[in-house]
Amino acid sequence: QVQVVESGGGLVQPGGSLRLSCAVSGSIFSINAMGWYRQAPGKQREAVAGIFSSGSKNYVDSVKGRFTISRDSAKNSVYLEMNSLKPEDTAVYYCNAHLQSSRWESSRNYWGQGTQVTVSL
């Protein structure tokens, strides 16, 4: 079994900052990539930021220069530092881990339960 648990969401004013954390635990053989997705009301889930086993990172254009993704491989954790938050960043943020749970299993995606981020006065 693999568990993906996010934390760190909340209510923040425009221009403020939040830091999201995600920890993966359980049966883990190798992690290929971890990332953050978000889904706003009435919209499709979109990829926000990802970090790969090589260390390379990518971001959706709307958060470039404001959000930073990082990881702690020893802790199987990934973080999302969000600065200069805007009302349009309001969404449920989901952590994703693409991993292999054992050498005999194919890699697949695992998702957290989501954490709410609300940017409002």
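Rules used in this analysis
Residues numbered from 1 in each chain as written. Predicted model: local features only at pLDDT ≥ 70, side-chain atom pairs only at ≥ 80, totals over all residues. Heavy atoms only, no water. Helix = DSSP H or I, 4+ residues; strand = E, 2+ residues; numbered from the N terminus. Buried < 20%, exposed > 50% of the residue type's maximum accessible area, 1.4 Å probe, protein only. Pairing = 2+ DSSP bridges. Axes fitted to C-alpha atoms, helices over the stretch in contact; angles between N-to-C directions. Disulfide = S-S within 2.5 Å.

Summarising the element assignment, Leu80 is placed in strand E8 (residues 77–82). Owing to a relative accessible area of 0%, Leu80 belongs among the buried residues under this scheme. The spatial distance from the C-alpha of Leu80 to the C-alpha of Val92 is 13 Å, given a sequence separation of 12 residues.

All right, on to the sheet that holds E8 then. The 4 strands are arranged E1-E3-E8-E7 in an open sheet whose pairing can be described as antiparallel. Looking at the sheet topology across the chains shown, the edges are occupied by strand E1 (2–7) and strand E7 (67–72). Strand-to-strand twist of the sheet, defined as the mean angle between neighbouring strand axes without regard to direction, takes the value 15°.

Next up on the list: the state of the cysteines. Inspection of every chain in the model, using the stated rule, returns 1 disulfide. With a sulfur-sulfur separation of 2.0 Å, Cys22 is cross-linked through a disulfide to Cys95. Its S-S torsion of about -80° marks the bond between Cys22 and Cys95 as left-handed, since a negative value means left-handed. One end of the pair, Cys22, is in strand E3 (residues 18–26); the other, Cys95, is in strand E9 (residues 91–100), and 73 residues separate them in sequence. Judged by relative accessible area, which is 1%, Cys22 ranks as buried.

So, about the pairing of E9. Consecutive residues of a regular strand have side chains that alternate between opposite faces of the sheet. Most of E9 sits inside the fold, with 9 of its 10 residues counted as buried. In this sheet, E9 lies alongside strand E4 (residues 30–39) in antiparallel orientation, the contact comprising 9 bridges. Opposite Met34, over in E9, you have Ala97 as the bridge partner. Taken together, the 3 bridges between E9 and strand E11 (residues 115–119) define a ladder with antiparallel strand orientation.

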